[in-house]
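Next come the chains, spelled out residue by residue.
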Amino acid sequence: MSKNVLVTGGAGYIGSHTVLQLLLGGYRAVVVDNLDNSSDVAIERVEELAAELGGNLSFHQVDLRDRSALEKIFAQTKFDAVIHFAGLKAVGESVHQPLLYYDNNLIGTIVLLETMAAHGCKNLVFSSSATVYGWPKEVPCTEEFPLAAVNPYGRTKLFIEDICRDLCRSDSEWNIILLRYFNPVGAHPSGYIGEDPRGTPNNLMPFVQQVAIGRQPALKVFGNDYSTKDGTGVRDYIHVVDLADGHIAALRKLSDPNISCEVYNLGTGKGTSVLEMVAAFEKASGQKIPLIKVGRRPGDVEVVYASTKKAEHELNWKAKFGIEEMCRDQWNWASKNPYGYRSPNLNLN
Ligand code: NAD
Ligand code: WQD
């Protein structure tokens, strides 16, 4: 019998790609999302992409902090596991509105964990972030590195990681996998689902994509005096479909009864500079990206990339795609959906 997975934040960027991989992998998925940073069109498109397996998806527009609504969803279905993506994620916004972040991310998670416990579902995969390494002293970052949060958003990730570790210590029935994502980019190769940020994008690739389609005049390159190959910041970009597959691998690992609380990096292990990423995108899209070199962005780290050994050995998962495929698929999504899910209707095929 196929397994039931509750996916919080499943209408969002990483969530929608993961829900598709779940359906294609034979799981049944129930999505809970308040659509604060997403669109129900993403859900419709995932359903279409999954073809005959699309019937295994259901969606509830519910805020995680709405305990009684969540309770009803758990009462209707016995879940084998939960994948918890739902949360706010803009670093700058979290600095200006810390209470919004603590309320949404922490309270939402606590209500979810309490409801799971009440219904005897104690298997969880949680979206953590490389941000919990703060400013790492060296690279690649291994899962044993000291943890530090440098902004309220990062602190919510660190707090939730700690809550999960405490929960597993207190009750051996809990099995929790914390996935620390590096920099997710790209889109599904169909160009049918992708990242659709509200307002001006904060992250590199959504911004580059908007320059390419003429919604922004030029990319500001934050800092060109880092001690890196070309002076710009270096990150570990990972294709969102690889990341989605990492969640399927984590779900399989959850069936091992002795895992308690485990943490895995999901990255490629390769560092790419801002200028390298822009060059790869220009090549993939045939579009020129005008650049303006400006000062460093406050809070930015010089170089961050993952050690991928633990995920490779224990989850039997490894990223397959390189930056060429990431940029190809980012451009395919952007050119087909210049205004994201608000673009005119797109026909699959
Ligand atoms: P996203 O904003 O596209 O998706 C998050 C989803 O959660 C959205 O659809 C939003 O509407 C929903 N949501 C937020 N608060 C909610 C609440 N209280 N109740 C119900 N739904 C709620 O973001 P994403 O990029 O897909 O990120 C998913 C997760 O991965 C987040 O937890 C994020 O912090 C984490 N993460 C993202 C990145 C990244 O660069 N994208 C990197 C590391 C970690
Ligand atoms: C990448 C590189 C910038 C925009 C953030 C969060 C992190 C995680 C992923 C959730 C850096 C440069 C960017 C621009 C630029 N999210 N850049 N011009 O900062 O590595 O990580 O997203 O957990 O927590 O902090 O990603 O895409 O913003 O930046 O030059 O307009 O691109 O300086 O070197 P970052 P990013």
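Placed above this text is the structure.
Throughout this document, residue positions are counted from 1 along each chain, in the order its sequence is written. Chain letters start at A and ligand numbers start at 1, both assigned in the order the entries are written. Where totals are concerned, whole chains, interfaces and linings use all residues; where local detail is concerned, this predicted model gives features only for residues with pLDDT of at least 70, and gives and counts side-chain atom pairs only at 80 or more. Values shown for side chains rest on all heavy atoms present in the structure; no hydrogens or waters enter the calculation.

Give a description of a negative patch on the surface that names residues and reports values.
Negative charge collects at one region of the surface, where Asp-40, Glu-44, Glu-47 and Glu-48 lie side by side. Topologically, Glu-48 is positioned in helix H2 (residues 40–49). The buried label goes to any residue with under 20% of its type's maximum accessible area, the exposed label to any with over 50%, and the partly exposed label to all in between, with areas taken from a 1.4 Å probe on protein chains only. Accessibility expressed as a relative area gives 42% for Glu-48, which makes it partly exposed. A patch consists of residues exposed above 30% relative accessible area that lack any salt bridge, with like charges linked at up to 9 Å and nonpolar side chains (Val, Leu, Ile, Met, Phe, Trp, Tyr) linked at up to 5 Å. Note on areas: these come from Shrake-Rupley sampling with a 1.4 Å probe, and a residue is covered only by the protein chains present in the view. Salt bridge criterion: a side-chain nitrogen from Lys or Arg within 4 Å of a carboxyl oxygen from Asp or Glu. Counted as positive: Lys and Arg. Counted as negative: Asp and Glu. His and the chain ends are not counted at all. Lysine's charge is taken at NZ, arginine's at CZ, aspartate's at CG and glutamate's at CD. Working definition: helices are DSSP H or I runs of at least four residues, strands are E runs of at least two. Numbering for both runs from the N terminus.

Before we move on, can you summarise the state of the cysteines with the specific residues and values?
Disulfides are defined as pairs of cysteine sulfur atoms found within 2.5 Å of each other. Going through the model one piece at a time under the given rule, you end up with zero disulfides. Take Cys-121: it sits in no disulfide, and the sulfur closest to it among the cysteines is that of Cys-168, at 13 Å. Residue classification places Cys-168 among the buried residues on the basis of a relative accessible area of 7%.

Help me get a handle on the packing of helix H5 (residues 98–118) against helix H6 (residues 152–170), residues and values and all.
Packing of H5 against H6 brings their axes to within 9 Å, and their N-to-C directions diverge by 20°. Overall, the two elements H5 and H6 adopt an arrangement that is roughly parallel. For the pair H5 and H6, the crossing hand works out as right-handed. Touching Pro-98, Tyr-101, Tyr-102, Asn-105, Leu-106, Thr-109, Ile-110 and Leu-113 of H5 are Pro-152, Tyr-153, Arg-155, Thr-156, Phe-159, Ile-160, Ile-163 and Leu-167, all from H6. When its residues are assigned to classes, the contact of H5 with H6 shows twelve nonpolar, three polar and one charged. Axis lines are fitted through C-alpha atoms, for helices just across the contact stretch, and the angle between N-to-C directions can take any value from 0 to 180 degrees. Roughly parallel covers angles under 35 degrees, roughly antiparallel covers those over 145, roughly perpendicular covers 65 to 115, and oblique covers all other angles. Less than a right angle of anticlockwise turn of the near helix away from the far helix marks a crossing as left-handed, whereas a clockwise turn marks it as right-handed. Contacts are assigned to residue pairs that have any heavy atoms within 4.5 Å of one another. The classification used treats Ala, Val, Leu, Ile, Met, Phe, Trp, Tyr, Cys and Pro as nonpolar, Asp, Glu, Lys and Arg as charged, and all other residues, Gly among them, as polar.

Got a sec to walk through the side chain of Asn-175? Specific residues and values, please.
Along the polypeptide, Asn-175 turns up in strand E6 (residues 175–181). Assessed through its relative accessible area of 7%, Asn-175 is described here as buried. Definition of a polar contact: a pair of N or O atoms within 3.5 Å, with one able to donate and the other able to accept a hydrogen when the atoms are protein atoms, and with sequence-neighbouring residues admitted only if both atoms are side-chain atoms. Within the local environment of Asn-175, its side chain forms a polar contact with the side chain of Asn-123, the two groups lying 3.4 Å apart. Apart from the residues lying within four places of it in its own chain, the contact partners of Asn-175 are Lys-122, Asn-123, Leu-124, Leu-254, Asp-256, Pro-257, Ile-259 and Ser-260.

Kindly report on the site of ligand 1, identifying the contributing residues and their values.
Put simply, a residue is near a molecule or strand once any heavy atom of it comes within 4 Å of that molecule or strand. Around ligand 1 sit 28 residues, and of these Asp-33, Asn-37, Ser-38, Lys-89 and Tyr-153 come closest. The separation between an oxygen atom of ligand 1 and a polar side-chain atom of Asp-33 is 2.6 Å. At a separation of 2.6 Å, an oxygen atom of ligand 1 approaches a polar side-chain atom of Ser-38. When residues of the shell around ligand 1 are traced back to their parent elements, those giving at least two are helix H1 (13–24), strand E5 (123–129) and H6.

Would you mind going over the pairing of strand E1 (residues 4–8) in detail, with residue names and values included?
A regular strand places its side chains so that they alternate between the two faces of the sheet. Here E1 lies mainly inside the structure; five of its five residues are buried. Across the two faces of E1 the burial is the same, with Asn-4, Leu-6 and Thr-8 and Val-5 and Val-7 all buried. As paired elements, E1 and strand E2 (residues 28–33) share five bridges and run parallel to each other. Each residue of the ladder has a partner; that of Val-7, found in E2, is Val-31. The handedness of the E1 to E2 crossover, carried by H1, is right-handed. As judged from the four bridges shared by E1 and strand E4 (residues 81–84), these two strands associate in the parallel manner. By the bridge assignment, Val-5 is partnered in E4 with Ala-81. In this analysis, strands are considered paired if DSSP registers two or more bridges between them. With strands facing away from the observer, any crossover in which the path from the first strand over the helix to the second runs clockwise is taken as right-handed.

Which residues make up the site of ligand 2, and what values go with them?
The full set close to ligand 2 counts 18 residues, and Ser-129, Tyr-153, Lys-220, Arg-235 and Asp-300 are the nearest of them. A total of 690 Å² of accessible area belongs to ligand 2 in isolation, and the protein chains cover 86% of it. Looking at the shell around ligand 2 element by element, the count peaks at four residues for strand E8 (residues 219–222). Tallied by class, residues from the shell around ligand 2 come to eight nonpolar, six polar and four charged.

The analysis is restricted to geometry; functional conclusions fall outside its scope.
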